[in-house]
Amino acid sequence: MVSRLLFIGKNTSLCHLLLRQGYSLVPVPSWREAEPLLKTGAAPFSLILLEAESTAALSVFLKLRELTETPVIILAPDGQRSPEAACLLAGAEDYLSGCEPEVLQARVQVALRRHRSSLDEISFPGFSIDSRRHSALLDGRPMALTPKEFDLLYYFAQNHSQVLTRGQILDHLWDGEADDRLIDTYIRNLRRKLGPHGRSLVTLRGVGYRFLWDTVPDTPPV
């Protein structure tokens, strides 16, 4: 399962580190760019990493908490620990001051493991998918999906709005032991079973696919 992280800050080296660890990462430089992503609620995140000066850490965290219950790890510059207790008491998942990359990796893994059960079900208006029960509901009715169709749809839901290349899909679901025609067949079947919502599976020619739940024009899928 690919965890989707929101990184609020400008530390590109940490972003590259998390990407190398295989996470799906959405980096934004500040709270201003993060706010609209969280307000829509259309693309759930597994974890938020907030890079902030001590003077702003608590206030920005409280703004985040107004919009989402997603766990938040606060990353403060080295030595800036003064708001640590206040942030933790307010509900922050963790507070790290000038931590080493290996420590950050470990803390991210621990946070994700602690909240894994809450990530098993992904919901959008009119659609939900639950990996524990291996079930998907469309407009309140169970979808008849083969095991591989379920895995593909769940992979898209986990990475909502993100571009997934054919190579990523093949590696994730078939360990690279398949060809493009097989993906075409599964995409076609999923669109048919999603009915009018099939347009949410968008093809980017020569690149891959994006899952944009009910946010694209009401036209036949490409």
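For the structure given in this document, a descriptive report is provided here.

Analysis parameters
Residues numbered from 1 in each chain as written. Predicted model: local features only at pLDDT ≥ 70, side-chain atom pairs only at ≥ 80, totals over all residues. Heavy atoms only, no water. Helix = DSSP H or I, 4+ residues; strand = E, 2+ residues; numbered from the N terminus. Rg over C-alpha atoms; globule rule 2.2 N^0.38 Å. Contact = heavy atoms within 4.5 Å. Areas by Shrake-Rupley, 256 points an atom, 1.4 Å probe, with all protein chains shown as cover. Buried < 20%, exposed > 50% of the residue type's maximum accessible area, 1.4 Å probe, protein only. Pairing = 2+ DSSP bridges.

1. Observations concerning the overall build of the chain
And then number 1: Within the chain one finds nine helices and twelve strands.
And then number 2: Scaling as 2.2 N^0.38, a compact globule of 222 residues should have a C-alpha radius of gyration of about 17 Å, and the chain matches this with 19 Å.
And then number 3: Projected onto its principal axes, the C-alpha coordinates of the chain cover approximately 55 × 35 × 30 Å.
And then number 4: Residue pairs at least 24 apart in sequence account for 50% of intrachain contacts in the chain once pairs closer than 6 positions are excluded.
And then number 5: Here the chain has roughly 11,300 Å² of accessible surface; of this, 52% comes from carbon and sulfur atoms.

2. Concerning the environment of Phe127
And then number 1: When you line up the elements, Phe127 lands in strand β7 (residues 127-130).
And then number 2: A relative accessible area of 2% means that Phe127 is categorised as buried.
And then number 3: Sequence-wise, Phe127 and Leu19 are 108 residues apart; in three dimensions their C-alpha atoms are separated by 29 Å.
And then number 4: Setting aside chain neighbours within four positions, we find Phe127 in contact with Ile122, Ala136, Leu137, Leu138, Met143, Leu153, Phe211 and Trp213.

3. A look at the pairing of strand β12 (residues 208-211)
And then number 1: For strand β10 (residues 164-165) and β12, the ladder comprises two bridges, and the chain directions are antiparallel. Bridge assignment links Leu164 to a residue of β12, and that residue is Tyr209.
And then number 2: In terms of strand pairing, strand β11 (residues 201-204) meets β12 through four bridges, oriented antiparallel. From the neighbouring strand, Leu201 faces β12, where its bridge partner is Phe211.
And then number 3: Turn length for the β11-β12 hairpin, with the two strands adjacent in sequence and antiparallel, is three residues, and the turn residue Gly206 shows positive phi of about 80°.

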